[in-house]
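Examining the three-dimensional arrangement
Chain by chain, the residues run as shown.
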Amino acid sequence: MVMKNGYLSGLYIGNALVNFYSTFGKMEDAHQVFDQMPQQDVFSWTSLLLGYTENKEMVRANEIFSKMPLRNEVSWAVMISGFVRGGLYVEALKYFQIMIYDGMVKPNEAIIVSSLSACAHLGALDQGNWINSIIDNNRISRGSNIASALINMYAKCGKVDLASRVFNQTLRRDVLIYTSMITGFSIHGLGNDALLVFNQMLAEDVKPNDVSVLAVLNGCSHSGLVNEGKSIFYIMETKWGIIPKIEHYGCYIDMLSRSGHLESAFETIKKMKMDPDKAIWRALLNGCRIHRDATKAELVINHIGRFYPCIGSSGGEVLISNLYASLGIWEKVEEVRKMMIGSSSSPGCSWIEVNGIMNEFRVGDALHPQMYEIRRELVEILKRLSEEQGYIATTTLVSFDVNEEEKEEAVAWHSEKLAIAFGLMSTPSGSSIRIVKNLRTCEDCHFVLKAISKVFSREIVVRDRTRFHTFTSGKCSCKDYW
Ligand code: ZN
Ligand code: ZN
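Being a predicted model, the structure only gives us computed values, none of them experimental.

1. Quick word on empty space enclosed by the protein
Applying the stated criterion across every chain yields a total of two cavities of 30 Å³ or more. Quantified by volume, the largest cavity comes out at close to 40 Å³. Along its surface, the largest cavity is lined by Gly 123, Lys 156, Cys 157, Gly 158, Arg 434, Ile 435, Val 436, Val 461, Arg 463 and Phe 468. Elements with a contribution of two residues or more to the lining of the largest cavity: strand 5 (433–437) and strand 6 (460–463). For the lining of the largest cavity, the element with the highest residue contribution is strand 5, accounting for three residues.

Right, dumping it as structure tokens:
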């Protein structure tokens, strides 16, 4: 044993042990070894910190950091990237700011990339711009990782023009950079631009990977470029050796279904090399709904019931129930809904940046310090919308996929409604409002946002789980197609 007189001999062995225990998630043991070491260096601290962050013990990963005598690039990078991996984006940016104002350490590539990724997740444009200026001021070279992180950040913050400026300024473009740009255009519904960049990538002999193909397929799907999408899907395996994953199928089926190629979508599903997942059935049934093909829908539902009974008991009832609802077969809706009690849901969450500060809202939460005012404002807004726009809260849910994620009784307090109420009360009139939502926005919120853009003469940009919506004068850029 490496213990000697109750103490660990040698820094090297101590560090190795801390690292070892941390890697296997045995944080108590790691901490005990750490405490018994006669002295610790930056590697000991970093190993311990990394262990806590990896094991998602964030609050503890915090305490240690504040006690750490030596803070260097490595420990800051561990901290910030740990927060990003744990989904704590607001905290990641907070620590980035502390690091910059502290001024002791110059940010390295890993820190910049993680912080930009936090901005991208939150849609934090002001802070993203600030990080961009830090890159320039510190003469940090814009390698592939930083350039693509910038493209991704700008695109996800709603500034696809700035993303494309970074893309055009980047001379040496690899697959990462191309893919970020294609993704950026796709989520903005700019399928033609996505396709253009994809073809440019091929022309420059950069081989696409599975992510680039998925991104361009998404772009084709959102813009109705069915033939282009089809030909890419057909050659991806033979030409680039990319075996279609479930996500590629999902995107392809979605594209076929939306454009009314229901039979072809159904046949593709039957020929898949893996089991189709819920998203795939949902895409096909959504197509049946859009094109009002009840016969095909019944066929699909029977097929699911016969071959994939587990889908029916894991939340897939929602899509079936909504489909029946949209076709007006109410007695079936009741039947399916009765089976649904107890299905799990993940909480909706929206973020809005006001004066450089990120505000987070969860469905029906009371955490925001101004929540009382915000709720009062929201009630006033909804009242005005019902008077001027004939708004009636959607109590019968006929949209797809929503009840699975957000409880409908809380529809008035959906996080994007709280965020927009806060945005209206805390930004100058006429200025545009940007919101990021972690889930797909529901029909009711979509209607409310359209109506607000008209009544309050505001441009509202919402990024939901799948794409961007720009609301102006009562209309949305998605043309109610999302
Ligand atoms: Zn909603
Ligand atoms: Zn929309």
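Back to the write-up after that little detour.
2. Some details on helix 17 (residues 278–290)
With 13 residues, helix 17 extends 18 Å from end C-alpha to end C-alpha; this agrees with the ideal 18 Å at 1.5 Å per step. Along helix 17, the positions that sit buried rather than exposed are Ile 280, Trp 281, Arg 282, Ala 283, Leu 284, Leu 285, Asn 286, Gly 287 and Cys 288. Backbone geometry just after helix 17 places Arg 292 at a positive phi near 45°.

3. A short note on the environment of Glu 247
Considering the arrangement of structural elements, one finds Glu 247 in helix 15 (residues 246–258). Judged by its relative accessible area of 43%, Glu 247 falls in the partly exposed class.

4. Structural notes on the coordination of the zinc ion (ligand 1)
Coordination of the zinc ion (ligand 1) by the protein comes from His 414 (ND1), Cys 442 (SG) and Cys 445 (SG), over a distance range of 1.9 to 2.4 Å. Between consecutive donors of the zinc ion (ligand 1), the numbers of intervening residues give the motif H-x27-C-x2-C. Of this pair, His 414 sits in the loop between helix 21 (371–389) and helix 22 (415–426) while Cys 442 sits in the loop between strand 5 and helix 23 (443–455); the two residues are 28 residues apart in sequence, bridging distant segments of the chain. The same class applies to His 414 as to Cys 442, namely buried.

5. Things to note about the pattern of salt bridges
Two side chains carrying opposite charge are able to pair once their charged atoms lie near each other. Scanning all chains against the criterion turns up 12 salt bridges. Residue Arg 142 is joined to Asp 136 by a salt bridge in which the shortest nitrogen-to-oxygen separation is 3.1 Å. Since its relative accessible area comes to 46%, Asp 136 is described here as partly exposed.

What counts and how
What you see as residue numbers is a count from 1 along each chain, following the sequence as written. Lettering for chains starts from A, numbering for ligands starts from 1, and both go in the order in which the items are written. Per-residue local features are limited, in this predicted model, to residues with pLDDT of at least 70; the limit for side-chain atom pairs, both in listing and counting, is 80 or more; totals at the level of whole chains, interfaces and linings are taken over all residues. The side-chain values count all of the structure's non-hydrogen atoms but skip hydrogen atoms and water molecules. A pocket here means an open set of points on a 1 Å grid, computed over the protein atoms alone, that has protein on both sides within 12 Å along at least five of seven lines. A cavity is instead a set of points where a 1.4 Å probe fits but cannot get out; residues with an atom within 4 Å of a point line either one. Grid points are joined across faces, edges and corners, and a volume is the space filled by probe spheres set on the points. Put simply, DSSP marks the helices as runs of H or I at least four residues long and the strands as runs of E at least two long, and each gets a number from the N terminus on. A helix's residues, less one, multiplied by 1.5 Å, set its expected span. With a 1.4 Å probe rolled over the protein chains alone, any residue whose accessible area is under 20% of its type maximum counts as buried; one over 50% counts as exposed, and the rest are partly exposed. The rule for donors is simple: N, O or S, within 2.8 Å of the metal, or within 3.2 Å if the metal is Na, K or Ca. Water isn't counted, so a site may look like it is missing partners. Every case where a carboxyl oxygen of Asp or Glu lies within 4 Å of a side-chain nitrogen of Lys or Arg is listed as a salt bridge.

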